[in-house]
Amino acid sequence: MNGGTRLLILPLALSPLLPFAVFRANRIAEAEPRSLVAALGGGGAALAVAGLAAMIGALVLARRAQVRTVVAAALVVAILLAMGWAAARLTAGGPPQVRVGPGAGFWVALVSAGLLVVDARARLHPRPAMRLAIVAVAVAIGAAILWSGALSQLSIMQEYGNRSASFWREGARHLWLAFGSFAAAMLAGVPLGIGLTRARRASAPVLGLLTMLQTIPSMALFGMLIAPLAWIAANVPAAHALGIRGIGAAPAFAALFLYSLLPIVANTVVGLTGVPRSVTEAADGMGLTRRQRLTSVDVPLALPVIVSAARIVLVQNIGMATVGALIGAGGFGTFVFQGIGQTATDLILLGALPTVALAFATSAVLDALIGMLPGTAR
Amino acid sequence: MIELQSVTKDFAGVRAVNDVSLTVEQGTVAAVVGTSGSGKSTLLRMVNRLIEPTSGRILIDGADTAGVPAPDLRRRIGYVIQDHGLFPHWSAARNIATVPVLLRWPRAQVRTRVRELMEMLQLDPDVIGPRLPHELSGGQAQRVGVARALAVRPELLLMDEPFGALDPVIRAQAQADLARVQKRLGTTVILVTHDMAEAIRLGDRIAVMRAGRVEQFAAPADIIARPATPFVADLLGEGDRAFRYLSLRPAADLARPEGPGAGPAAGDADAPPLSPGTTMAEALSEMIWTGRDHVRVARADGTGGTVSRDDLIRAGRPE
């Protein structure tokens, strides 16, 4: 057992003392806490506490990181299933507007167990391909739990049930905003970075400008883009036909694009200038043309640095796309802001949880990809 | 044949190379020696046009290099640099194949050529070929760099401090390998070094550079016997110039025949003879160390001979 594990065991062990679930008479009513015993019944609670104790014991005693990873993952699944069971029990026989959601005890247990998985997995030092496989397995398990209906009585899933069509539409919009603006920024930023390594004098002003853009708060940038885009929409028929308007997806897309540029351009410049001088000199001396040197030597060697920028930008965009909902851009942020407006916590979570999961999975996949690039120190 | 005609290079008003004219004959090794900042690397890099001369011309076999597009020119000229400059994301074999691939050789031909080169440089193609540069030792990386430079049988090989990053034992081995490969292929070589001993060992002719000018361009024996300027003499080091001179010739040149009529061998008759390649300097060192005044030397044709200390000492002073 290491320090990280020890630190997480304590909240995990104490979590049954906190209310496991919250009960609401309807979706915006005040939440009433429900203890573990109230949520699962006396027998269920005893079983849950015994199971938790057994798993904590296994985590403390297990020497191998593989075992700890599997036990902690099983614990996460068990906590989720217990929540689903509690929701089913507490809503049973009640009126349909009754909502049962996760309580403080659930969150403490889930976050502790989740961090235990992350901690144990990090100690496995898995190879990149193995890391991708772990992400795939985690996604598959999560999907299976949601699909099985085990959580169907949970308040968040009921919010989903009422909005399943718009959920997937906003999800697609969210992905398009985050990944589309990222792709556009890669297409513009990598060539710009390459250009800056050749025109050194332009490098400082351009990077300065991009840094300045980065410091503008996202709401302010959305606002600043409304006027010029509205003008373009009014005066350029082609732009109007493409759906460009002062509000909506266009300013959000443009803002995310602008925020993405700095990390991509800066890392492209750093990656390219980091290619050892002896290597570029050898490439020139062998008779590679400028373009051949760029495509077969410079860019491949700079790729790990450029892909780390891609990872930063994607995670940043997935989070920031949420704010775009405020100017009508859509995305998961729609549910967050609707939920805030209605004081419906579950609706906020319906927007926030997929965003977090998406960012987490994207980051893990790109981390693994960086490890797979040739020339990376292994 | 490489001809440099009044080649000059200015960098922002500073004259790095000043009116240098040199001719390097086909199949010979020209060593360019100088302290750092003498302009020797700049001179070398003007030959493959990594640097364009401010004025003057460089001719290869009579053709002006300025008339050929630089990438085409460079593919015909081998280039080896100090830190080997291997492409870190490519295997050793792929590195060696760089120029053949640029020239679009057929795959099978590239593969055969890479094996041939690796075998010539004593690198096992099946073991070393698939390795990445960071998995190679310094000596192996250096040989891969030489193999890469020789891939398309260039008539001219440029080497910029090629052995500078190697430790002394491996360096001596690498120098011997280069001499062997150069003799076998008949490649013309221009070698830049700051090490006079290396220039004497490898060069057919040595150009000594200082402050952008060539102070002397002559055969090693002439450089040692008659340094043209005090700077050349300094670079040689007065302390061991006799030994340097003796290191140029094989001891067998001074051997007197053994056998009946030659009298009893004055040295220890039981000691094994020195090998045919032993230089006069090594033979003298052997005598000093063992306290003998004669040593036996084997000749390449299998006969033997005796070399006396007096003859060696006399040979150490140029007439």
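Residues numbered from 1 in each chain as written. Chains lettered and ligands numbered in written order. Predicted model: local features only at pLDDT ≥ 70, side-chain atom pairs only at ≥ 80, totals over all residues. Heavy atoms only, no water.

Draft legend 1. Representation of the interface of chain A and chain B in the model. Each partner contributes to the interface: chain A provides 18 residues, whereas chain B provides 21 residues. Between chain A and chain B lies a buried interface of about 1600 Å² when both sides are counted; carbon and sulfur atoms form 68% of it. Among the residues of chain A in contact with chain B, A:Glu281, A:Gly285 and A:Met286 are the three that bury the most area, contributing 34% of the side total. Across the contact surface, chain A and chain B share one salt bridge. A salt bridge links A:Glu281 to B:Arg45, with the shortest nitrogen-to-oxygen separation between them at 2.3 Å. Among the secondary structure elements, those contributing two or more residues to the side of chain A that touches chain B are helix H12 (277-286) and helix H13 (290-320) of chain A. At nine residues, H12(A) tops the list of elements feeding residues into the side of chain A that touches chain B. Considering only residue class, the side of chain A that touches chain B consists of eight nonpolar, six polar and four charged. (Contact = heavy atoms within 4.5 Å. Buried area = accessible area lost by both parts, 1.4 Å probe. Salt bridge = Lys/Arg side-chain N within 4 Å of Asp/Glu carboxyl O. Helix = DSSP H or I, 4+ residues; strand = E, 2+ residues; numbered from the N terminus. Nonpolar A, V, L, I, M, F, W, Y, C, P; charged D, E, K, R; others polar.)

Draft legend 2. Representation of the side chain of B:Arg292 within the structure. Residue and element names in this part refer to chain B. Inspection of the secondary structure assignment puts Arg 292 in the loop between helix H13 (280-290) and strand E12 (294-298). Among the residues examined, Arg 292 registers a relative accessible area of 19% and is labelled buried. At 3.3 Å, the side chain of Arg 292 forms a polar contact with the side chain of Thr 290. (Buried < 20%, exposed > 50% of the residue type's maximum accessible area, 1.4 Å probe, protein only. Polar contact = N/O pair within 3.5 Å; in protein donor to acceptor, adjacent residues only side chain to side chain.)

Draft legend 3. Representation of helix H7 (residues 138-149) of chain B within the structure. Helix length check: H7(B) (twelve residues) gives 17 Å between terminal C-alpha atoms against 16 Å at 1.5 Å per residue, within 8%. Most of H7(B) is tucked away, with eleven of its twelve residues classed as buried. (Expected span 1.5 Å × (residues − 1).)

Draft legend 4. Inspection of the sheet that holds E12(B) at higher detail. All names here are of chain B. Strand order in the open sheet formed by three strands is E11-E13-E12, and the pairing between neighbours is antiparallel. The outermost strands of the open sheet, each flanked by one partner alone, are strand E11 (256-257) and E12. Lying over the sheet, H13 contacts E12 and strand E13 (304-308), oriented at roughly 140° with respect to E12. (Pairing = 2+ DSSP bridges. Axes fitted to C-alpha atoms, helices over the stretch in contact; angles between N-to-C directions.)

Draft legend 5. Examining the pairing of strand E2 (residues 14-24) of chain B more closely. Residue and element names in this part refer to chain B. Looking at chain direction, strand E1 (residues 2-11) and E2 are connected through seven bridges and run antiparallel. What sits directly across from Glu 3, in E2, is Thr 23. In sequence, E1 turns back onto E2 through a hairpin of two residues, with Ala 12 there showing a positive phi of about 45°.

Draft legend 6. Looking closely at the pattern of salt bridges. Counted by the stated rule, this structure contains 23 salt bridges over all chains. Among the salt bridges present, the one from B:Arg153 reaches B:Glu116, with a minimum N-O distance of 3.5 Å. A residue pair is termed long-range when its members are at least 10 positions apart, and B:Arg153 in the loop between H7 and strand E7 (156-160) and B:Glu116 in helix H5 (residues 107-120) qualify at 37 residues. Here the salt bridges share partners, and the residues they tie into one network are A:Arg27, A:Glu159 and A:Arg163.

Structural measurements only, silent on function.
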